[in-house]
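# Residue-level structure breakdown
Here's the letter readout for the chains.
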Amino acid sequence: MRTSHWSLIGSGAVICTLALPQSFAQSTQPVAGQHEATEIEAVIVTARKRAESIAEIPESVSAFSGMELEQAKIERIDNIGAHVSNLNLSTRADGHPNVTIRGVGSHGNTEGVGFYVDGVQIATDASARFGDIERLEVLKGPQGTLYGGSNVGGAVKLVTRRPNLSKFEGNLAAAAGDENTRDYSGTINLPLAKDQVALRLFGYFVEGD
């Protein structure tokens with residue numbers, strides 16, 4: 001039986017939208033007679049709904065940059081479990097994930113771990129493929145204060161890349177495999193009004209026997 005899957009994710013920006021920095025680096029100039037200081041990079045996350053260094057958050061948070069996700073070939077929620085301690089994932093027959101963090105989470109229709117894209121909770125299929133991601137954050141432990149009562153085990157947050165207000169750009173990837181599998185994915189950035197309004201879209205199409 002031939003099956004097909006596709007999805008389209010978009011984000012927009014206007015001139016009043018400020019892109020949060022993904023990371024910043026601080027270095028110290030070497031002193032004569034001493035070894036050169038090691039550059040320390042601080043990872044910026046929005047686990048508490050504001051940009052701050054991950055070292056300043058008094059709770060357990062795992063974060064992955066978009067480049068790390070691409071290098072590890074992490075394209076679905078199911079792929080994250082092997083890279084985060086105390087996170088267990090499995091996909092049900094209906095496509096939705098069963099997920100627990102530190103033994104607490106969702107089984108069947110019981111919500112225990114929330115999934116979010118740019119701060120908006122995913123109410124349908126959280127196991128869908130994703131791409132063009134700036135950062136992925138896994139928040140361990142109860143998150144009811146900031147994210148609601150359905151996050152007693154934790155939360156998984158996807159932060160998409162912000163649109164470029166002044167530059168047209170895009171990319172396209174294609175792959176083929178066994179069982180007549182064809183996999184196409186791409187991203188496009190469209191400045192609708194230069195330096196004022198832009199639209200960024202990611203989509204994919206997968207087909208196979």
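Residues numbered from 1 in each chain as written. Predicted model: local features only at pLDDT ≥ 70, side-chain atom pairs only at ≥ 80, totals over all residues. Heavy atoms only, no water.

## A few points about the packing of aromatic side chains
Per the counting criterion, the structure on display carries one aromatic pair. Residues Tyr116 and Tyr147 carry aromatic rings whose centres are separated by 5.2 Å and whose planes lie at 55° to one another, so their mutual orientation is tilted. Here Tyr116, found in strand 9 (residues 113-117), pairs with Tyr147, found in helix 2 (residues 144-147); they are 31 residues apart in sequence, far enough to count as distant. Each of the two residues, Tyr116 as well as Tyr147, counts as buried. Geometry around Tyr147 places Lys49 over its ring, the cationic atom sitting 4.9 Å from the centre. The lysine or arginine in question, Arg129, covers the ring of Tyr204, its NZ or CZ lying 4.9 Å from the ring centre. (Phe/Tyr/Trp six-rings, centres within 6.5 Å; stacked < 30°, edge-to-face > 60°. Helix = DSSP H or I, 4+ residues; strand = E, 2+ residues; numbered from the N terminus. Buried < 20%, exposed > 50% of the residue type's maximum accessible area, 1.4 Å probe, protein only. Lys NZ or Arg CZ within 6 Å of the ring centre and 35° of its normal.)

## Observations concerning the nonpolar core
Within the largest apolar cluster, 18 residues are counted, with the highest numbers of intra-cluster contacts made by Leu69, Ile80, Leu87, Phe130, Leu136 and Val138. At the level of elements, strand 7 (97-101), strand 9, strand 11 (133-140) and strand 12 (154-160) are the ones that each hand at least two residues to this core. It is strand 11 that provides the largest number of residues to this core, a total of three residues. Val61, Tyr116, Tyr147 and Ala155 belong to the second largest nonpolar core, which has eight residues in total. (Core = buried A, V, L, I, M, F, W, Y, C linked by side-chain atoms within 4.5 Å.)

## Description of the pattern of salt bridges
Counting across every chain of the model gives ten salt bridges. One salt bridge connects Glu52 with Arg48, and the closest N-O pair in it is separated by 2.8 Å. Accessibility expressed as a relative area gives 7% for Glu52, which makes it buried. Among the residues examined, Arg48 registers a relative accessible area of 23% and is labelled partly exposed. With a closest N to O distance of 2.6 Å, Arg135 and Glu137 form a salt bridge. Salt bridges sharing partners connect three or more residues here, namely Glu70, Asp132, Arg161, Glu169 and Arg200. (Salt bridge = Lys/Arg side-chain N within 4 Å of Asp/Glu carboxyl O.)

## Describing the confidence of the model for the protein
Low-pLDDT stretches of the model should not have their predicted coordinates read in fine detail. Model confidence for the protein is summarised by a mean pLDDT of 77, while 74% of its residues fall at 70 or above. Looking across the protein, the model is least confident in strand 2 (residues 23-26), with a mean pLDDT of 42, and most confident in strand 14 (residues 181-193), with 91. Confidence drops under pLDDT 50 across residues 15-28; counting only partners more than four residues distant or on other chains, this segment forms 27 contacts. (pLDDT = per-residue confidence, 0-100. Contact = heavy atoms within 4.5 Å.)

## Considering the side chain of Asn189
Mapped onto the elements of the fold, Asn189 is located in strand 14. A polar contact of 2.8 Å, which involves the side chain of Asn189, links it to the backbone nitrogen of Asn164. (Polar contact = N/O pair within 3.5 Å; in protein donor to acceptor, adjacent residues only side chain to side chain.)

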